[in-house]
Each structure stands twice: as structure tokens, then as C-alpha cells.
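Structure at a glance
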Amino acid sequence: MTDAPDIDIVIPVYGGWDFVRSCLLAATRQSVAARIIVVDDHSPDDTADRVAAEFPEVTLIRNDRNLGFARACNVGLAAGSARLVMLVNSDVVLEPDAVERVLAAMTADAESRRVGSGATLLLAPDGSVDSYGIVADVTGAGFVRFHGAEPAAADPVDPPVLGPYGAVAVYVRAALDEVGLFDTHIFMYGEELDLAFRLRAAAWECVAIEGPLGTHLGGASAGRESARQRRLSGFARGYLLRKYGVLRSRWALRALAVELVVSAARLVLRRDVLSLRGRWEGWRRGAAAPTAVLPLDAVDRTIGLRKSMRMRGDRYWADRPVSPR
């Protein structure tokens, strides 16, 4: 017998002490104990010192330089050993029974059933759905499930979930041992989509964990629609397009058309050059990526061209008819 927790909570942080403190207070007051690993990614302030002073019970790792979100997560993942790992953004406040419900959903027989990850239902501060996992279309474009919808509309199986959204993502360590951790070419954004593709390609499934597990305040690291966020999001899209050979596939014209429309719209309506620049930088970096094939059983083929454009809007999930259960 062992008293070691069955789950590691990995929390990468980059400044923003107020967010971090709220996150850690919730994580350390769970109904079921977990090992908490905080990775300070060379914060520009005294966040790491504050964590050490106020939360001596957590494992604190200090990076000597800013590695980026994906690498910081990998540092925390490598430091743990529990059967499950729960990645939690520093701007998320977990429900008191979040760990308990994750353990109930991701039972010990998950490995034998090839369940490799769990998508969590998170709320926004206004009570709407922030995220409930991700889906992707045939061009490899990812979409956050049910963003902006009422919680009652958040269906665990319709549409089928591809993988967890990065704000709170649950993984089975055996699955990560098999396919590897986050792609370190990606600094931030898109790393969970890439990992979801790799897990599905290796026949690991994702389950949606029912019931809200926390509230995602959002924007603690890069800021919503900040210059940094726009460039890094564009980078991830360009990088994944090249890594998965989308522009060499039968959906190349569709992918190009969508990227041109989206980039042009952002350029004209928002004077956003950074999204386009990020895509070009990501495309160039993608030349160094290992060759990969988009697992077609992982994508949602019901997402056609028009639907994919609507899903980029703020109201898609809020206006989507509720599926009967």
C-alpha cells in the first residue's frame, strides 16, 4: 500500500501572482489530495518567491529562463510520477471536488480501455461555458467545444470530443509515455491540439468528464487578443499545417482558402499583421517538425467549410440547437 496521490497537478506559471494565488488556494484545498507541482517559467516578478513562502507544501520548480508554456508543462510532467496528470492553467480556480471527480471518471481500468485523456468542463466568470474539450476539422483546425454556450447545452458526446482543452487537461501517464509530451517547437497555443492528434493516432481515446470542474478567468499569461497571443496563435496554426502536411492533402485548397479569408479579415478589420506573421513563422519552423499524418478518425467530418467559418464566430455554440439526451 502507498499513500502517494494517484494524480499530479501541474501548474505552469509566468507572473500574475493574484491569479496564481487563487489557483493554488483552490488546488491545495481539494477533497482528495494531489501532488501539486508548480513550474515557474522565469516569471518577470516575484511570483516564485511568493509561492515558496505561502505554499511550502507544493513542489516548486524554477526555470532559469523563459521556456514557454509547452516546455514548462513538460518540465512539470517529467517531475511527477502519478498514474494521472492534471494540467491546470494559473488563471483557473478549481471546484473543491475537482480532483475527486477526475479520479472517479478516469478509473484505474482506463489504460486497458485505451482512455488516454479527459476533457474537462470549465466555466467563464459570467457563468457561460469557457471550454469542454476540443474538436477539429479535416484541415486540422481546432475549435473549443461549447465556448459561450449555457452549461446545460454542454454535451459530453455530441460532438465527439477529440481531446482536452489546455486550461485544464487530464492525461493518463502511460499514454504520454507512449506518444511523448508536448511538441517543444510550440511556445504556447496549439500544443494540446497536436498532442490530441498524436494520442488518437496511437489509438488512445478521450472522454469528456461531466460537470463543471472550475472557472477559467482567462488571459493570465499572454492576455486575450494581445499582440503576443495573436502572434503565437498564428504561429501554432502555420506550424501544424506544415507538420501534418495539410497543404499536401486533398484539403489543401480548402485550408488555403480559409487561411486567406481569416488572415485578410483580421488584417482589414483589426489591422492585425501579427497573426499573419505568426503563421509564416510557424510554417517555416514546421520544416523542422517530425513528419506526421493527420489521423482522419480524429477529425469531425461534419464540419464543412461553411460550418468551420461559423465556428470561428463568437455566437456559434451559444446559438447551436441543444441536442436531445
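Okay, so let's go over this structure. These figures come from a predicted structure and were not determined experimentally.

Comments concerning the overall build of the protein chain
- The number of helices and strands found in the protein chain is 11 helices and 11 strands.
- Against the compact-globule benchmark of 20 Å for 325 residues, the protein chain has a radius of gyration of 19 Å, which places it among compact chains.
- Taking as baseline every contact in the protein chain between residues at least 6 positions apart, the subset at least 24 positions apart corresponds to 75%.
- A total accessible area of about 14500 Å² is found for the protein chain, and carbon and sulfur atoms account for 54% of it.
- Treating the 40 positive side-chain charges of the protein chain as one cloud and the 40 negative ones as another, the clouds have centres 9 Å apart.

Examining helix α8 (residues 252–270)
- A rise of 1.5 Å per residue sets the reference length of α8, with its 19 residues, at 27 Å; its end C-alpha atoms lie 26 Å apart and thus fit the reference within 8%.
- Here α8 has its buried residues at Ala252, Arg254, Ala255, Val258, Glu259, Val262, Ser263 and Arg266. On an axial view of α8, the arc spanned by its buried residues comes to 165°, and they lie on one face. Along α8, the residues that are exposed and aim more than 90 degrees away from the buried face are Leu253, Leu260, Val268 and Leu269.
- Contact partners of the buried residues in α8: α7 (227–243), α9 (274–285) and α10 (305–311).

A few points about the packing of aromatic side chains
- Under the definition given, this model contains 7 aromatic pairs.
- Measuring from ring centre to ring centre gives 6.5 Å for tyrosine 132 and phenylalanine 146, while their planes differ by 50°; the resulting arrangement is tilted. Linking tyrosine 132 in strand β7 (residues 129–132) with phenylalanine 146 in the loop between β9 (142–144) and β10 (168–172), this pair joins segments that are 14 residues apart in sequence.
- Among the residues examined, tyrosine 132 registers a relative accessible area of 1% and is labelled buried.
- Assessed through its relative accessible area of 2%, phenylalanine 146 is described here as buried.
- Pairing phenylalanine 146 with tryptophan 317 gives two aromatic rings, centres 4.9 Å apart and planes at 45°, and the pair type is tilted. Of the two residues, phenylalanine 146 sits in the loop between β9 and β10 while tryptophan 317 sits in helix α11 (residues 316–319), which places them 171 residues apart along the sequence.
- Of the residues examined, tryptophan 317 reaches a relative accessible area of 5% and is grouped as buried.
- Put simply, the rings of Tyr132, Phe146, Tyr316 and Trp317 pair up and form one aromatic cluster.
- Stacked on the ring of tryptophan 204, the Lys or Arg arginine 114 has its end atom at 3.9 Å from the ring centre.
- Stacked on the ring of tyrosine 132, the Lys or Arg arginine 145 has its end atom at 5.2 Å from the ring centre.

Quick word on the state of the cysteines
- Throughout the structure, instances matching the rule amount to 0 disulfides.
- With no disulfide partner, cysteine 73 has as its closest neighbouring cysteine sulfur the one in cysteine 23, 12 Å distant.
- Residue cysteine 206 stays outside any disulfide, its sulfur separated by 16 Å from that of cysteine 73, the closest cysteine.

Things to note about empty space enclosed by the protein
- For the structure shown, the criterion picks out 2 cavities of 30 Å³ or more.
- The calculated volume of the second largest cavity comes to roughly 40 Å³.
- When residues of the lining of the second largest cavity are assigned to their parent elements, the largest contribution, 3 residues, is made by helix α6 (residues 191–201).
- Per-class residue counts for the lining of the second largest cavity are 5 nonpolar, 2 polar and 2 charged.

Here's the deal with the pairing of strand β2 (residues 35–40)
- Counting buried positions along β2 yields 5 of 6 residues, so the element is predominantly enclosed.
- As judged from the 6 bridges shared by strand β1 (residues 7–13) and β2, these two strands associate in the parallel manner. Paired with isoleucine 11 across the bridge in β2 is valine 38.
- Handedness of the β-α-β unit built from β1, helix α1 (residues 17–28) and β2 comes out right-handed.
- The pairing of β2 with strand β3 (residues 59–62) spans 4 bridges and is parallel.

A closer look at the pattern of salt bridges
- Taken as a whole and judged by the stated rule, the model has 20 salt bridges.
- Residues arginine 62 and aspartate 49 are paired through a salt bridge, measuring 2.9 Å at the closest nitrogen-oxygen approach. With arginine 62 in strand β3 and aspartate 49 in helix α2 (residues 47–54), this pair connects stretches of sequence that are 13 residues apart.
- The closest approach of N and O atoms between aspartate 194 and arginine 198, which form a salt bridge, is 3.1 Å. Of this pair, aspartate 194 and arginine 198 both sit in helix α6, 4 residues apart, which is roughly one turn of the helix.
- Residue classification places aspartate 194 among the buried residues on the basis of a relative accessible area of 0%.
- Look at the salt bridges and you will find they share partners, linking Asp183, Asp194, Arg198 and Lys243 into a network.

Rules and cut-offs
- Just so you know, the residues in each chain are numbered from 1, in the order the chain's sequence is written.
- Per-residue local features of the predicted model are confined to residues with pLDDT of at least 70, and side-chain atom pairs are confined, for both listing and counting, to 80 or more; whole-chain, interface and lining totals are unaffected and use all residues.
- Side-chain numbers here rest on the full set of heavy atoms in the structure, without hydrogens or water.
- Strands here mean DSSP runs of E at least two residues long; helices mean DSSP runs of H or I at least four residues long; both are numbered from the N terminus.
- Only C-alpha atoms enter the radius of gyration; for comparison, a globular chain is expected to reach 2.2 Å times N to the power 0.38, where N is the number of residues.
- Contacts are assigned to residue pairs with any non-hydrogen atoms lying within 4.5 Å of each other.
- We get accessible surface area from the Shrake-Rupley algorithm with a probe of 1.4 Å; when it comes to residues, only the shown protein chains can shield them.
- Just so you know, the count uses Lys and Arg for positive and Asp and Glu for negative, and it drops His and the chain ends.
- Taken as the charge centre is NZ of Lys, CZ of Arg, CG of Asp or CD of Glu, depending on the residue.
- Helices are assigned an expected span. That span is 1.5 Å times one less than the residue count.
- Think of it in three bands: residues with accessible area under 20% of the maximum for their type are buried, residues over 50% are exposed, and the middle band is partly exposed, with areas taken using a 1.4 Å probe on protein chains only.
- The arc refers to the directions leading from the helix axis to the C-beta atoms.
- In summary, the pairing rule links any two rings of Phe, Tyr or Trp, Trp by its six-membered ring, whose centres are within 6.5 Å, and it sorts them by plane angle into stacked for under 30 degrees, edge-to-face for over 60 and tilted for everything else.
- Put simply, a charge is over a ring when the Lys NZ or the Arg CZ is close to the ring centre, within 6 Å, and near the line of the ring normal, within 35 degrees.
- Our working definition of a disulfide is a cysteine sulfur pair at a distance within 2.5 Å.
- For cavity detection a 1 Å grid was placed over the protein atoms alone, and a set of points counts as a cavity when a 1.4 Å probe fits there but cannot get out; an open set counts as a pocket when protein lies on both sides within 12 Å along at least five of seven lines, with lining residues being those that have an atom within 4 Å of a point.
- Grid points are joined across faces, edges and corners, and a volume is the space filled by probe spheres set on the points.
- Throughout this entry, Asp, Glu, Lys and Arg are counted as charged residues, while Ala, Val, Leu, Ile, Met, Phe, Trp, Tyr, Cys and Pro are counted as nonpolar. The remaining residues, Gly among them, count as polar.
- Here, a strand pair is defined by DSSP locating no fewer than two bridges between the strands.
- Whether a crossover is right-handed depends on one test, that the path from the first strand over the helix to the second runs clockwise when the strands point away from the viewer.
- For this analysis, a salt bridge means a side-chain nitrogen from Lys or Arg found within 4 Å of a carboxyl oxygen belonging to Asp or Glu.

On their own, these measurements won't tell you what the molecule is for.
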